[in-house]
Amino acid sequence: MSYFAYQNGVLHVENTPLTTIAEQFGSPTYVYSKAALVDNFSAYAQACKVNGRDDSTALVCYSVKSNSNLAVLNLLTRMGSGFDIVSGGELLRVIAAGGDPRKVIFSGVGKTPDEMRLALSHGILCFNVESTAELERLNEVAGEMGKQAPVSLRVNPNVDAKTHPYISTGLKENKFGIAYDEALATYRRAAKMPHIRVVGIDCHIGSQLLDDAPLLEAFDRLTELVDQLTEEGIHVHHLDIGGGIGINYNNDQPVAVGDYLGRLFRKVDEWRQRRYQGAPIQVLFEPGRSIVGNAGVLLTQVEYLKHGEAKNFAIVNAAMNDLMRPAMYEAWHGVQAVTQRSSEPRTYDVVGPVCESGDWLARERALAIEQGDLLAIMSAGAYGMTMSSNYNTRGRAAEVMVDGGKLHLIRKRERASELFALESLLP
Ligand code: LLP
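What you see is a predicted model, and the numbers here were worked out from it, not measured in a lab.

**With respect to the overall build of the protein**
Next up, step 1: Regarding its fold elements, the protein presents twelve helices and 21 strands.
Next up, step 2: Scaling as 2.2 N^0.38, a compact globule of 427 residues should have a C-alpha radius of gyration of about 22 Å, and the protein matches this with 23 Å.
Next up, step 3: Overall size of the protein, expressed as C-alpha extent along the three principal axes, is 70 × 60 × 40 Å.
Next up, step 4: Counting only residues that meet the buried cut, the protein has 54% of its 427 residues in that class.
Next up, step 5: Once local pairs closer than 6 in sequence are excluded, the contacts in the protein between residues at least 24 apart make up 69%.

**What to know about the site of the ligand**
Next up, step 1: Around the ligand lies a shell of 18 residues, among which Ser 207, Glu 286, Arg 325, Tyr 329 and Tyr 383 are the nearest.
Next up, step 2: One of the side-chain N or O atoms of His 204 is found 3.5 Å from a nitrogen atom in the ligand.
Next up, step 3: At 2.8 Å from an oxygen atom of the ligand is found a main-chain nitrogen or oxygen belonging to Arg 289.
Next up, step 4: In terms of residue class, the shell around the ligand is made up of five nonpolar, seven polar and six charged.
Next up, step 5: Among the domains, domain 1 (4-32 + 293-419) and domain 2 (34-290) are the pair contributing at least three residues each to the shell around the ligand.

**As for the domain arrangement of the protein**
Next up, step 1: Domain boundaries in the protein define domain 1 (4-32 + 293-419) and domain 2 (34-290).
Next up, step 2: Measuring from the centre of the C-alpha atoms in domain 1 to the corresponding centre in domain 2 gives 33 Å.
Next up, step 3: Across the boundary between the two partners, domain 1 contributes 21 residues, which contact 22 residues of domain 2.
Next up, step 4: Where domain 1 abuts domain 2, roughly 1,900 Å² becomes buried across the two surfaces, and 55% of that area is made up of carbon and sulfur atoms.
Next up, step 5: On inspection of domain 1 and its partner domain 2, the count reaches one salt bridge.
Next up, step 6: Across the pair Lys 34 and Asp 403 runs a salt bridge, and its minimum N-O distance is 3.3 Å.
Next up, step 7: Remark: the boundary between domain 1 and domain 2 carries 13 residue pairs in polar contact (both at pLDDT 80 or more).
Next up, step 8: Residue assignment for the side of domain 1 that touches domain 2 shows that the elements contributing at least two residues are helix H11 (325-329), strand E20 (398-403) and strand E21 (406-411).
Next up, step 9: Element by element, the count of residues in the side of domain 1 that touches domain 2 is highest for E20, at four residues.
Next up, step 10: In the side of domain 1 that touches domain 2, the residues fall into ten nonpolar, six polar and five charged.

Quick notes on the rules
- Within any chain, residue numbers begin from 1 and follow the written order of that chain's sequence.
- Note on the predicted model: pLDDT of at least 70 is required for a residue's local features to be given, and 80 or more for side-chain atom pairs to be given and counted; whole-chain, interface and lining totals, by contrast, use all residues.
- Side-chain descriptors were evaluated using all non-hydrogen atoms of the structure, hydrogens and water having been removed beforehand.
- Going along the chain from the N terminus, every DSSP run of H or I of four or more residues is numbered as a helix, and every run of E of two or more is numbered as a strand.
- As defined in this context, the radius of gyration uses C-alpha atoms, and a globule is described by 2.2 Å times the residue total to the power 0.38.
- To sort residues, take the accessible area from a 1.4 Å probe on protein chains only and compare it with the maximum for the residue type: under 20% means buried, over 50% means exposed, and anything in between is partly exposed.
- Contacts are assigned to residue pairs with any non-hydrogen atoms lying within 4.5 Å of each other.
- One heavy atom within 4 Å of a molecule or strand makes the whole residue count as near it.
- Distance and chemistry together define a polar contact, namely a pair of N or O atoms within 3.5 Å, with one atom able to donate a hydrogen and the other to accept it when in protein, and with adjacent residues in sequence counting only for side-chain atoms on both sides.
- For this classification, Asp, Glu, Lys and Arg are treated as charged, while Ala, Val, Leu, Ile, Met, Phe, Trp, Tyr, Cys and Pro are nonpolar and the rest, including Gly, are polar.
- An automatic or database domain assignment is the source of the domain bounds shown.
- By convention, the term buried area covers the 1.4 Å-probe accessible surface removed from two parts as they join, with the contributions of both added.
- A pair is scored as a salt bridge if a Lys or Arg side-chain nitrogen falls within 4 Å of a carboxyl oxygen belonging to Asp or Glu.

Structure representation (structure tokens):
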């Protein structure tokens, strides 16, 4: 189902015209559909349920980096979600949103001692450790606090996720994780550390995966390691397969979440039967994009149309600072005129006002538009607002969550004075 669809020639989010949102809140504005978020999370929750899982055997840890607005985190908390974080700041967000730290896993290659202390003091579920040096530091920090840190090693299964090189993370040449061949030795070391408690194994091979085959392959590689660990008396209680399921940006056909989880759980059950008399293991997921990506659009207004010899430009009031993905990955986002016109479409590059040639949101799109029209940049719910910046002293966009007929402002538009409030003049 699409939560963004035309009714009487006007693009709606659920049952609200996007024009109403622009009138009430201005633009650029990120607009999210609550129903879309609920349905996308439910696809995971349902698949866990129909495969006979509860929290102790499957936990969805939403990847906070994809969209970290408190209202989003709170909604997911209420649906039972755990969280995958990559900074102390994200942990504080989760807590502020009412999330349970005992359902939080902490990923990332560069955790600082302060972040470790914060996470330990809140009793998180697990640290996904990405190097030996990090393991040693964590052992030290936990020791100073008189605690034991729950640890899972992020193993690099060396599987090709077949996605954009910038968002592929499971290959030997990536900075992430512990090399597969070194994993066993690192686990042995971890198991001997007094302030480390080995609880799991983890991987994340990349993002925007359309096919689940690489994930299932990574799963097989992890289970081989788990079996070797078990033989040595090192027991892991959970296996974290990471996130990565893609969404439809442009005629993409990502695997359905329910199908992927069904196949994965079948593999889990076969493996546990074969090697562990059916004793269960908790499976963790870290999805981000597949939950929020298509639940949001970036609403923007055409400031000027510029018809040139070589190209036509639609200059809009959103820019690369609002949505970085096109500039950074040449990512493709759909662009829809909020109000449909009957005039002949022309081909436009949709660009922002920032002083960079890389400041474009879409290229070569057929659009029937006039100055002042509203556009929706589609599929912008994930890695949109969270990657935004204040470049060119542009305040970040407002965020609105639509719930049926109700509109909630979930983040106010930033004002210029707020952007330099932390700065000071020389004496
Ligand atoms: N877990 C870990 C350890 C991750 O690094 C990521 C994403 C996820 C989970 C969530 O992956 P997802 O389910 O969203 O694919 N900024 C890029 C995407 C970067 C992804 C980074 N890691 C983009 O805009 O496409």
